[in-house]
Amino acid sequence: MTPVDADGDWGLVESSLGLRLPDDYEELVRRYGVGSFDDMVLWSPFDTSAHGGFNLVVQAHGLVDFHYALRSEYPEDFPYPLYPEPGGLLEWAGSGDGDYLCW
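Criteria and thresholds
Residues numbered from 1 in each chain as written. Predicted model: local features only at pLDDT ≥ 70, side-chain atom pairs only at ≥ 80, totals over all residues. Heavy atoms only, no water. Helix = DSSP H or I, 4+ residues; strand = E, 2+ residues; numbered from the N terminus. Rg over C-alpha atoms; globule rule 2.2 N^0.38 Å. Buried < 20%, exposed > 50% of the residue type's maximum accessible area, 1.4 Å probe, protein only. Contact = heavy atoms within 4.5 Å. Pairing = 2+ DSSP bridges. Axes fitted to C-alpha atoms, helices over the stretch in contact; angles between N-to-C directions.

(A) The overall build of the protein chain, seen in detail. Within the protein chain one finds three helices and four strands. Secondary structure elements of the protein chain, listed N to C terminal, follow the sequence α-α-β-β-α-β-β. In terms of overall size, the protein chain behaves like a compact globule, its C-alpha atoms giving a radius of gyration of 14 Å where 103 residues would be expected to give roughly 13 Å. Across the 103 residues that make up the protein chain, the buried fraction comes to 35%. A separation threshold of at least 6 residues defines the contact pool for the protein chain, and within that pool the share at least 24 residues apart is 44%.

Have a look at this one:
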């Protein structure tokens, strides 16, 4: 089976994000593409779905705005900064339970 949305211009992705992505993440995306592993959904920077819901770059650029209301109301639930804030966590996958996997 051929992986979906598994490859593209990694240099362009990293330039857009302003950071270097881990080699093992790149290999994971190349091997499996966007999709699910049991309860985990791997995001690919090359997701071409209409909504871009699993596109790493799209998700990264909307991360702070997406969590703005929750961070304002429950700051104790956000002990770390979020990308693109300095030293911010970058989500790269999620779970069906609403958990986020971050670097």
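(B) Molecular detail of the sheet that holds strand β4 (residues 100–102). Reading across from one edge, β1-β2-β3-β4 is the order of the four strands in this open sheet, with antiparallel pairing throughout. Where the open sheet ends on each side, the last strands, each with one partner, are β1 (35–37) and β4. Taken over all neighbouring pairs, the strand axes of this sheet differ in orientation by 30° on average, direction set aside. Note that β1 and strand β2 (residues 40–42) share three bridges and pair antiparallel. Bridging across to β2, G35 finds its partner in L42. Strands β1, β2 and β3 (91–95) of the sheet are contacted by helix α2 (residues 23–32), whose axis makes an angle of about 95° with β2. In the packing of helix α3 (residues 56–73) onto the sheet, the strands contacted are β3 and β4, and the crossing angle to β3 comes to about 75°.

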